[in-house]
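Descriptive analysis of the structure
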Amino acid sequence: MIDVLFISSKTFPISAVADTVRRLGDEGARAVYAGSVSDKWMDEVVANAGFAETHHLPRANKRPAVQLPAGEQVWRRSRSDRWLRSRARRADVLVALDDAAVYTVWQLAQRNRTAKAVYGFAPALNAVRALNRAGGAPRHGVFAPPARLVLRGIGRAVRELPASVERVLTPRPVMRRSIGPKLWRTVLRLPGLPDALRARLGRRVAESMYWAGRPSGGAYALGLAAAKIGDTELKANLLDEAVKKEFRRGVPPEQTDQAVEALLALADERYATGRYEEAAVSLNRALVVGFHRVTHIDQLSSALAEDPAKFVKPFHRSTALQAVMTPRGRLRPPAAAPTDRPLRLLVTTSANDNFLGHILDRYRAHPDVEVRYLDMAAQQSLKRVTGSDWRVVQERMGGDKAYAEAVEGLMRPYLDWADTVFVDWCVGPVAMLNAIDPGDTRIVVRLHSYEAFTRWPQMMDFSRVDDLVFVADHVRDMVVAQTPQLRGPHAPEMHVLHNAMQLSGFAREKTPDARFNLGLVGVSQVAKDPLWAVEVLELLRAQDERYRLILVGGDMNSGTSRATKKYRDRMERVLAPLTESGAVLRLGPTDDVEGKLADIGFILSSSVREGSHNGLMEGAASGAVPVVRDWPFYAGKAHSARTLYPEGWVVDSPEAAAQRVLESNATEESWQDDAKLASEHALSTWDWSVVSADFDRLFLGDR
């Protein structure tokens, strides 16, 4: 005998249930009923429905729960009912006859692992027939969560579900269990749902998953719904919502590729119909999502670094981005440097002047150069136009003349004065300047390592840049690989110039214990990966406990991103016992790096990526022996840490790093010899006294 328990909180057609009960009897099933209904209605059920047993469920909560959805209220007042629990324990099929009964059926199904839980008359009959085909009712075990729940029948009813019923089916307890998400994945995959309804359900499920503490499931639900939606804008919006949630958690979203594809499709659709402002917003958002710092900057690996050309292919198929990347060129070439007066050099950046100090000092004192300095972040009008990234995109599409006019009014006086403009950092200010023709002024831009992992190279008009300066060959290779303009006839002249560093002051006598001190200068970014240096330290201390690690510089800012906070938290857990024991010294920010380096005998570069790593170069100049990780973002490529630094400095692993330290430190004399060679190389290659000649040639030519 197969036992079937029907539950309802509302009335239902007696004729329909009577027919179902009769057909269940023909299949060898016994049907019983429990309802939270009126006495009058229950009398009609008893008289006409044909159930073997009927039972009245409570109709009012002892303690009102007006804030709970109807389904949870039904369960709350029925969960202690002995008759209901007894029949549910031995039931083979549990049937919800209305929306508000679904949650009670789900709760009972958790306690009867073998029971099938369904919604509706036809699914109940189908469940009994399936049991008969399988050999009859299964043996009952203990109450526990089932492997499946209310799957059949939901698809037919979901079109009519109001928001209140969706809440019944997505409460926190349900969504915390595996059964809740499984149920809704089935619903979200159903064919034939209207796009608006599928989107609404996807958002509701996602909201419940976030509320239940399963945020990745929320993003998955939005992606699942979006995959079945044909409307371009709705699909893009859903996927954008999914990735935003994940980025806020500091997690690279699994839906990134889907979101980028949808946003690009939306941008192309809008661009094709002349809706340039909307197209610009969508395209800019696609670029932000694809090149997000959580995915590329605050992680220890990046698909962009692995294969730049492959990574950007989906972007470059976009007709909207193709319009943005079309070179416009300049009306006339830059004028030659004057010979009858000093060169007028405008040096500009936006807030970050960390690498400009020595350059400004040199050319302010140079008799053949007149310098003006412009920090665009210091002027509100300039800060506004450099921060309007989507307007940059819209202007490039041909749909924002007002933006170009604003830039013209703000920047033309500077361009009319300057012979050469040197813009440090290839970010917003360069894209803004691209909006207008530079006249006969020469435009020189310097691109550091950071920009290579952002959307900015995709937004530039490099045909309006005359010289593009990179800080290292491997950075140039990566940017050129991802930027078609830099491989075409309109590409600017490209140079590789080391950063301006005054290294001569770092060559100081080391303290007696320095040869057992490892140093890491700069730990403020995830890319510095100081935990790699800790691995090296632990390997060395297994051989000799005199080794220590000295960390110089400010800590990571946990507010930068959730991804940064995650790394910082992990780092703090690892460093705490080592700091307490004295194996690690954290010196924090300092204005006297030269003095701190006197205590350091080995300078580490533990980073996953760098442009040139100034801290390592300063350490080498001080006479610390360099130990450089083969930066994973560039390892194995034509240019990398191995081509930037002398042979022997670069290692593949913490084990190889520890071995280099032990070999160099075999005797004090061998350590001193290696330290002397490192200092000589640093001072003869990277000191400003050497590098300044390269900048003179860049700005002044043979003058």
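Because the structure is a prediction, the values reported are computed rather than measured.

Definitions and limits used
- Residues numbered from 1 in each chain as written.
- Predicted model: local features only at pLDDT ≥ 70, side-chain atom pairs only at ≥ 80, totals over all residues.
- Heavy atoms only, no water.
- Helix = DSSP H or I, 4+ residues; strand = E, 2+ residues; numbered from the N terminus.
- Rg over C-alpha atoms; globule rule 2.2 N^0.38 Å.
- Contact = heavy atoms within 4.5 Å.
- Areas by Shrake-Rupley, 256 points an atom, 1.4 Å probe, with all protein chains shown as cover.
- Lys, Arg positive; Asp, Glu negative; His and termini not counted.
- Charge placed at Lys NZ, Arg CZ, Asp CG, Glu CD.
- Pairing = 2+ DSSP bridges.
- Axes fitted to C-alpha atoms, helices over the stretch in contact; angles between N-to-C directions.
- Phe/Tyr/Trp six-rings, centres within 6.5 Å; stacked < 30°, edge-to-face > 60°.
- Buried < 20%, exposed > 50% of the residue type's maximum accessible area, 1.4 Å probe, protein only.
- Parallel < 35°, antiparallel > 145°, perpendicular 65-115°, else oblique.
- Left-handed = near helix turned anticlockwise from the far one by under 90°.
- Nonpolar A, V, L, I, M, F, W, Y, C, P; charged D, E, K, R; others polar.
- Salt bridge = Lys/Arg side-chain N within 4 Å of Asp/Glu carboxyl O.
- Core = buried A, V, L, I, M, F, W, Y, C linked by side-chain atoms within 4.5 Å.
- Right-handed = clockwise from strand over helix to strand, strands pointing away.

Moving on: the overall build of the chain. The secondary structure content of the chain amounts to 34 helices and 17 strands. Here the chain has a C-alpha radius of gyration of 34 Å; the compact-globule value for 703 residues is 27 Å, and the former is much larger. Dimensions of the chain, computed from C-alpha atoms along their principal axes, come out at roughly 110 × 65 × 45 Å. Intrachain contacts of the chain at a sequence separation of at least 6 include 72% that bridge at least 24 residues. For the chain, the exposed area adds up to about 29,400 Å²; of that, 48% sits on carbon and sulfur atoms. Side-chain charges in the chain split into 94 positive and 86 negative, and the spacing between the mean points of these groups amounts to 12 Å.

Strand-to-strand pairing in sheets goes through backbone hydrogen bonds, with the strands running parallel or antiparallel. Here six strands make up an open sheet; going across it, the order is β7-β6-β8-β9-β10-β11 and the pairing parallel. Each edge of the open sheet is held by one strand with a lone partner, namely β7 (369–375) and β11 (493–496). Direction aside, neighbouring strands of the sheet carry axes that sit 20° apart on average. Note: strand β6 (residues 343–349) against β7, seven bridges, orientation parallel. Paired with Val 347 across the strands is Tyr 373, a residue of β7. Seen against the sheet, helix α23 (residues 401–417) touches β6, β7, β8 (420–424) and β9 (442–447) and runs at an angle of roughly 165° to β7.

Scanning all chains against the criterion turns up 23 aromatic pairs. With a centroid separation of 5.3 Å and 75° between ring planes, the pair formed by Phe 422 and Phe 699 is classed as edge-to-face. With Phe 422 in strand β8 and Phe 699 in helix α34 (residues 688–700), this residue pair connects regions lying 277 residues apart in the sequence. With a centroid separation of 5.2 Å and 65° between ring planes, the pair formed by Phe 516 and Tyr 547 is classed as edge-to-face. Taken together, the residues Phe 516 in the loop between β11 and β12 (517–521) and Tyr 547 in the loop between α27 (530–541) and β13 (548–552) connect sequence positions 31 residues apart. Considered together, Phe 516 and Tyr 547 belong to a single accessibility category, that of buried residues. Three or more aromatic residues joined by ring pairs form one cluster here, namely Phe 6, Phe 12, Tyr 33, Trp 41, Phe 51 and Phe 121.

What follows covers the packing of helix α15 (residues 276–290) against helix α22 (residues 389–397). As a packed pair, α15 and α22 sit with axes 8 Å apart at the nearest point and diverge in direction by 125°. With respect to their mutual orientation, α15 and α22 come out oblique. In the packing of α15 onto α22, the handedness of the crossing is right-handed. Here α15 contributes Tyr 276, Glu 277, Ala 279, Ala 280, Val 281, Leu 283 and Asn 284 to the contact with α22, which in turn contributes Asp 389, Trp 390, Val 393, Gln 394 and Met 397.

The next subject is the packing of helix α13 (residues 232–248) against helix α14 (residues 256–272). At a minimum axis separation of 8 Å, α13 and α14 run at an interaxial angle of 140°. The angle between α13 and α14 falls in the class oblique. The element α13 and its partner α14 pack so that their crossing is left-handed. Here Thr 232, Glu 233, Lys 235, Ala 236, Leu 239, Asp 240, Val 243 and Phe 247 of α13 come into contact with α14, specifically with Thr 256, Gln 258, Ala 259, Ala 262, Leu 263, Ala 265, Leu 266, Glu 269 and Arg 270. Per-class residue counts for the contact of α13 with α14 are nine nonpolar, three polar and five charged.

It is worth spelling out the pattern of salt bridges at this point. Inspection of the entire model under this criterion finds 40 salt bridges. Of the charged contacts in the structure, one is a salt bridge between Glu 408 and Arg 412, with a shortest N-O distance of 2.6 Å. Of the two residues, Glu 408 and Arg 412 are both situated in helix α23; the distance of four residues between them amounts to about one turn of the helix. Classification of Glu 408 as partly exposed rests on a relative accessible area of 30%. With a relative accessible area of 17%, Arg 412 lands in the buried category. The network of salt bridges with shared partners includes Asp 19, Arg 22, Arg 23 and Asp 26.

Moving on to the nonpolar core. Side chains of nonpolar character tend, in soluble globular proteins, to be buried together. In terms of nonpolar packing, the biggest core is built from 123 residues, with Leu 283, Met 411, Phe 453 and Tyr 645 touching the most fellow members. With residues near it in sequence (within four places) discarded, Phe 453 still touches Phe 291, His 296, Ile 297, Ser 302, Leu 304, Ala 305, Met 478, Arg 609, Phe 633 and Tyr 634. Membership of the second largest hydrophobic core comes to 33 residues, among which are Val 536, Leu 540, Ala 583 and Val 627.

Another aspect to go through is the sheet that holds strand β3 (residues 53–56). Strand order in the open sheet formed by five strands is β3-β2-β1-β4-β5, and the pairing between neighbours is parallel. This sheet does not close on itself; its edge strands, each paired only once, are β3 and β5 (116–119). Adjacent strand axes in the sheet meet at a mean angle of 20° when their direction is disregarded. By the bridge criterion, seven bridges tie strand β1 (residues 2–8) to strand β2 (residues 29–35) in an arrangement that is parallel. Among the inter-strand pairings, Asp 3 is bridged to a residue of β2, identified as Arg 30. Those strands touched by helix α2 (residues 39–48) are β2 and β3, and its axis lies near 175° from that of β3.

Time to look at the pairing of β1. Where burial is concerned, most of β1 is hidden: seven out of the seven residues are buried. Of the two faces of β1, the one holding Ile 2, Val 4, Phe 6 and Ser 8 and the one holding Asp 3, Leu 5 and Ile 7 are both buried throughout. Running through helix α1 (residues 14–26), the crossover from β1 to the neighbouring parallel element β2 is right-handed. Relative to strand β4 (residues 93–96), β1 is paired through four bridges, and the arrangement is parallel. Bridging from a neighbouring strand, Phe 6 pairs with Val 95 of β4.

Assignment of secondary structure puts Gly 398 in the loop between α22 and α23. Given the relative accessible area of 52%, Gly 398 is considered exposed.

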